[in-house]
Amino acid sequence: MLPPGSTIGILGGGQLGRMLAVAAAQLGYKVHIYAPDAESVAAEVTAHHSQAAWDDEPRLAAFAAACDIVTFEFENVPVDTVRFLSGHVAVHPGAKGLQIAQDRLAEKNFVADLGGRPAPFAAVPDRAALDAALAEIGAPAILKTVRMGYDGKGQARLATVADAEEAWQTIGRHAAILEGFVAFDHEFSVILVRGIDGEIRYWDSTVNVHEGGILATASLPPPPIVLEQQDEARAMMAEVAGALDYVGVLTGEFFATDAGPVFNEMAPRVHNSGHWTIEGAVTSQFENHIRAIAGLPLGSTATRALPVVMRNLIGADIAAIPDLLADENCHVHHYSKTEVREGRKLGHATWAGAEPA
């Protein structure tokens, strides 16, 4: 067990790191943020901050020496950075899950090999391969870059095969994966935490609504079809976590379909659809991630009261905070980002045990 007063290093300086840092402080830990960005909303709430490049090995070595354990807050941290640090300090979760999550093709194959049910997919390394993939899978379909891209970025929809060239140009002509369109009723998340000893606990699965490719709301209770498919989806994510010898919070996103839960993607980190757990669960995803990597007993993931609604505050939505605070049942989180722009997550609001006013 990591004793109080120890330092936890976090790679990345965004809002997830900010909320992890707050949870760590409540358990008596110091936090050291490492990120290349000039603006770090996570560093605002921590004792130590290193602003340096991901490949600056002298600075990484110094960071490792200052930390007792290291984790990361988003999946686009370079795998080589995590591997380098792992030679100097314990890093949880490790590089394997990060490497798979950064490659959509590897991710789909990994899940399929474990018996999961991803959407039909085909590799698209070049423009000619896109035509071959469309001949195999058909349209409508979604073309996604193999690497990078989240919140709808790096993606293009193809209504018909005639959209192939436009879609290829839209994603920047990068290596990609073509996914067949999935007819689904709802989108939902499975968020689990796995301890160093292999114990796994799950939070209730929210039904997620996206607008413009960005999560808008996550709410409980979900529709019956999600509840019916939750256990199968949980079993799939437990297989993933076990295969990776994973430690910490792991998220899987699924489509609820007539054929059962269809795997969409995974995130080897705390997740936007789990922000409700701060007020809505006995132990939040952020606290349980810290507990897991520190070797502490995991906390209860039970939902405190229904209903639960988490709403992202995106772009100009942040101006609604005074009105939200006037709702006595609303819990507001402002991420302290200085630039307001369309599509940027600037905060979130949660109602636990009550509907939004």
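This text goes with the structure placed above it.
Reference entry: report on the structure contained in this document. A quick note: this is a predicted structure, and the numbers were derived from the prediction, not measured. (Residues numbered from 1 in each chain as written. Predicted model: local features only at pLDDT ≥ 70, side-chain atom pairs only at ≥ 80, totals over all residues. Heavy atoms only, no water.)

### Observations regarding the overall build of the protein
Inference 1: When its secondary structure is counted, the protein shows 11 helices and 17 strands.
Inference 2: Computed over its C-alpha atoms, the radius of gyration of the protein comes to 20 Å, within 12% of the 21 Å expected for a compact globule of 357 residues.
Inference 3: C-alpha atoms of the protein, sized along the principal axes, occupy 60 × 50 × 40 Å.
Inference 4: The 357 residues of the protein split such that 55% are buried.
Inference 5: Long-range pairs, those at least 24 residues apart, make up 62% of the contacts in the protein with a sequence separation of at least 6.
Inference 6: As presented, the protein carries roughly 14700 Å² of accessible surface, and 51% of it is formed by carbon and sulfur atoms.
Inference 7: Side chains of the protein carry 25 positive and 44 negative charges; the gap between the two charge centres is 4 Å. (Helix = DSSP H or I, 4+ residues; strand = E, 2+ residues; numbered from the N terminus. Rg over C-alpha atoms; globule rule 2.2 N^0.38 Å. Buried < 20%, exposed > 50% of the residue type's maximum accessible area, 1.4 Å probe, protein only. Contact = heavy atoms within 4.5 Å. Areas by Shrake-Rupley, 256 points an atom, 1.4 Å probe, with all protein chains shown as cover. Lys, Arg positive; Asp, Glu negative; His and termini not counted. Charge placed at Lys NZ, Arg CZ, Asp CG, Glu CD.)

### Overview of the sheet that holds strand β7 (residues 155–158)
Inference 1: Pairing is antiparallel in the open sheet, where 4 strands are placed in the order β5-β8-β6-β7. The sheet is open, and its two edges are formed by β5 (121–124) and β7, each paired on a single side. Each adjacent strand pair in this sheet contributes to an overall mean axis angle of 20°, direction not counted.
Inference 2: Two strands pair when backbone bridges link them, and strand β6 (residues 141–145) and β7 are joined in this way by 4 bridges, in the antiparallel orientation. In the sheet register, Leu143 faces β7, and the bridge partner there is Ala156. (Pairing = 2+ DSSP bridges. Axes fitted to C-alpha atoms, helices over the stretch in contact; angles between N-to-C directions.)

### A closer look at the packing of aromatic side chains
Inference 1: Applying the stated criterion across every chain yields a total of 6 aromatic pairs.
Inference 2: Between Tyr34 and Trp54, the ring centres sit 5.9 Å apart and the planes meet at 35°, which makes this aromatic pair tilted. Residue Tyr34 is found in strand β2 (residues 30–35), and its partner Trp54 is found in the loop between β3 (48–51) and α2 (57–66); the two are separated by 20 residues along the sequence.
Inference 3: The buried category is assigned to Trp54, whose relative accessible area is 16%.
Inference 4: Grouped by ring-pair contacts, the aromatic residues Tyr34, Trp54, Phe63 and Phe74 constitute a single cluster. (Phe/Tyr/Trp six-rings, centres within 6.5 Å; stacked < 30°, edge-to-face > 60°.)

### Considerations on helix α10 (residues 285–293)
Every α-helix winds through 3.6 residues per turn, so residues three or four apart in the chain are directed the same way.
Inference 1: Judged by how many residues are buried, α10 sits mostly within the fold: 8 of 9 residues are covered.
Inference 2: Three or more residues of α10 are buried, namely Gln285, Phe286, Glu287, Asn288, His289, Ile290, Ala292 and Ile293.
Inference 3: Buried residues along α10 sit in contact with β1 (7–11), α1 (15–26), β4 (69–72), β9 (186–194), β13 (248–257) and α9 (277–280).
Inference 4: Directly beyond the C-terminal end of α10, a positive phi value near 75° is found at Gly295.

### Points about the pairing of β6
Inference 1: Counted residue by residue, β6 has 5 buried out of 5 residues, so it is predominantly covered.
Inference 2: Both β6 and strand β8 (residues 176–180) contribute to a ladder of 5 bridges, which runs antiparallel. What sits directly across from Thr145, in β8, is Ala176.

### Thoughts on the packing of α1 against α10
To characterise two packed helices, one gives the angle between the axes of the helices and the distance between these axes.
Inference 1: For the pair α1 and α10, the least separation of the axes is 8 Å and the interaxial angle reads 65°. What the angle tells us is that α1 and α10 run roughly perpendicular. Judged by the twist between their axes, the crossing of α1 over α10 is right-handed. Contact with α1, carried on its side by Leu16, Met19, Leu20, Ala23 and Ala24, involves Phe286, Glu287, His289 and Ile290 of α10 and no other residues of that element.
Inference 2: Taken together, the residues of the contact of α1 with α10 break down into 7 nonpolar, 1 polar and 1 charged. (Parallel < 35°, antiparallel > 145°, perpendicular 65-115°, else oblique. Left-handed = near helix turned anticlockwise from the far one by under 90°. Nonpolar A, V, L, I, M, F, W, Y, C, P; charged D, E, K, R; others polar.)

### Side note on the pattern of salt bridges
Inference 1: A full pass over the atoms with the stated rule returns 14 salt bridges.
Inference 2: We note a salt bridge from Glu179 to Lys108, for which the minimum N-O separation is 2.9 Å. Placement of the pair is Glu179 in strand β8 and Lys108 in helix α5 (residues 104–113), with a sequence separation of 71 residues. By the burial criterion, Glu179 is buried, and Lys108 matches it. (Salt bridge = Lys/Arg side-chain N within 4 Å of Asp/Glu carboxyl O.)

### A few points about helix α6 (residues 127–137)
Inference 1: Listed as buried for α6 are Ala129, Leu130, Ala133 and Leu134. One side of α6 carries all its buried residues, which in axial view fall inside an arc of 140°. The outward face of α6, more than 90 degrees from its buried face, is lined by the exposed residues Ala128, Ala135 and Glu136.
Inference 2: Gly138, located one to two residues past α6, shows a positive phi value of around 85°. (Arc of directions from axis to C-beta.)

### Brief notes about the packing of α2 against helix α3 (residues 79–86)
Inference 1: Where α2 meets α3, the closest approach of the two axes is 10 Å, and the angle between their N-to-C directions is 50°. As the angle between them shows, α2 and α3 are arranged oblique. Remark: the crossing between α2 and α3 carries right-handed chirality. Contacts from Glu57, Leu60, Ala61, Phe63 and Ala64 of α2 reach α3 at Thr81, Phe84 and Leu85.

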